[in-house]
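The primary structure of each chain is shown beneath.
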Amino acid sequence: MRVTIYHNPECGTSRNTLAMIRNADIEPTVIEYLKTPPSREILTKLIEESGLSVREAIRQKGTPYADLGLDNPVLNDEQLIDAMLDHPILINRPFVVTPIGVRLCRPSEVLLDILPEALTKPFTKEDGEVVIDEQGKRVS
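Quantities reported herein were computed from a predicted structural model and do not represent experimental measurements.

> Describe the overall build of the chain, listing the residues and the values that go with them.
Along the chain, the regular secondary structure elements total 3 helices and 6 strands. Order of helices (α) and strands (β) in the chain, N terminus to C terminus: β-α-β-α-α-β-β-β-β. The C-alpha atoms of the chain give 15 Å as radius of gyration, which agrees with the globular expectation for 140 residues (14 Å, within 12%). Its C-alpha atoms put the chain at 50 × 30 × 25 Å along the principal axes. Taking all 140 residues of the chain together, 43% fall into the buried category. Of the contacts formed within the chain by residues at least 6 apart in sequence, a portion of 58% connects residues at least 24 apart. Surface summary for the chain: the accessible area is close to 7,500 Å², and the carbon and sulfur share equals 48%. Between the averaged position of the 16 positive side-chain charges in the chain and that of its 22 negative side-chain charges there is a distance of 3 Å.

Below, the structure written as structure tokens:
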């Protein structure tokens, strides 16, 4: 199975999502988007296929979001995409692409919607939260 994750190794949610993919015995294509930002076409496709609006795909916390005035409702999607391409830290993470679909995996358990193979083994997040129990059941 081909899986791609747009990953930030500094982000706990991104690390947990990557670990959950690997826990399913899948080695994904890992794109550290801060080092290798997606093209406009790919970013637009990720947002569109995940079912999000451009505003929902922008990360605000720990970014120059406010300093750039991106909360201005007058800004259109193209302007927001421009900002995300100029400042990749504004791209929320992690986006994951599988043959089933694309999701912004926040929280990391969203991955289970597009990677049912992840339910085959128990998984616990870095902080100790159990996501999949010993019987392969999703813990909510």
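> Tell me what's going on with the pattern of salt bridges, and back it up with residues and numbers.
Taken as a whole and judged by the stated rule, the model has 10 salt bridges. Close ionic contact of Asp25 with Lys121 constitutes a salt bridge, the shortest N to O distance being 2.7 Å. Of this pair, Asp25 sits in the loop between helix H1 (12–23) and strand E2 (29–32) while Lys121 sits in the loop between strand E4 (101–104) and strand E5 (123–124), and the two are 96 residues apart along the sequence. Taking the relative accessible area as the measure of exposure, Lys121 reaches 31% and is therefore partly exposed. The network of salt bridges with common partners includes Arg40, Glu78 and Asp82.

> Help me get a handle on the environment of Leu119, residues and values and all.
The topology assignment puts Leu119 in the loop between E4 and E5. Counting along the chain gives 85 residues from Leu119 to Leu34, while the straight-line C-alpha distance between them is 29 Å. The contact partners of Leu119, leaving out residues within four places of it in the chain, are Leu112, Ile132, Gly136 and Arg138.

> Can you lay out the sheet that holds strand E1 (residues 4–7) for me, pointing to particular residues and giving the numbers?
Hydrogen bonding along the main chain pairs the strands of a sheet, whether they run parallel or antiparallel. Strands sit in the order E2-E1-E3-E4 across an open sheet of 4 strands; the sheet is mixed. Two strands lie at the open edges of the sheet, namely E2 and E4, each paired on one side alone. Averaged over neighbouring strand pairs, the angle between their axes works out to 15 degrees when direction is ignored. In the packing of helix H2 (residues 40–50) onto the sheet, the strands contacted are E1, strand E3 (95–98) and E4, and the crossing angle to E4 comes to about 90 degrees.

> Explain helix H3 (residues 77–86) to me, and be specific about the residues and the numbers.
Within H3, burial applies to Leu80, Ile81, Ala83 and Met84. The buried side chains of H3 occupy one side of the element, clustering within an arc of 155 degrees when seen end-on. On its buried face, H3 sits against H2.

> Lay out the pairing of E3 with the relevant residues and their values.
Bridge count between E1 and E3: 3 bridges; the pairing is antiparallel. Bridging from a neighbouring strand, Ile5 pairs with Val96 of E3. Between the antiparallel neighbours E3 and E4 lie 2 residues.

> Hey, could you go over the nonpolar core for me, with residue numbers and the actual values?
With 19 residues, the main nonpolar core has Ile47, Met84, Leu90 and Phe95 as its most contacted residues. Those elements that provide at least two residues to this core are H2, H3 and E4. Ranked by residues supplied to this core, first place goes to H3 with 4 residues. Once residues lying within four places of it in the same chain are set aside, the contact partners of Met84 are Leu43, Ile47, Val54, Ala57, Ile58, Leu90 and Ile91.

> Can you explain the pairing of E4? Please cite residues and give values.
The sheet contact formed by E3 and E4 spans 4 bridges and is antiparallel. Directly across from Val97, in E4, lies its bridge partner Val102.

The rules behind each value
Residues numbered from 1 in each chain as written. Predicted model: local features only at pLDDT ≥ 70, side-chain atom pairs only at ≥ 80, totals over all residues. Heavy atoms only, no water. Helix = DSSP H or I, 4+ residues; strand = E, 2+ residues; numbered from the N terminus. Rg over C-alpha atoms; globule rule 2.2 N^0.38 Å. Buried < 20%, exposed > 50% of the residue type's maximum accessible area, 1.4 Å probe, protein only. Contact = heavy atoms within 4.5 Å. Areas by Shrake-Rupley, 256 points an atom, 1.4 Å probe, with all protein chains shown as cover. Lys, Arg positive; Asp, Glu negative; His and termini not counted. Charge placed at Lys NZ, Arg CZ, Asp CG, Glu CD. Salt bridge = Lys/Arg side-chain N within 4 Å of Asp/Glu carboxyl O. Pairing = 2+ DSSP bridges. Axes fitted to C-alpha atoms, helices over the stretch in contact; angles between N-to-C directions. Arc of directions from axis to C-beta. Core = buried A, V, L, I, M, F, W, Y, C linked by side-chain atoms within 4.5 Å.

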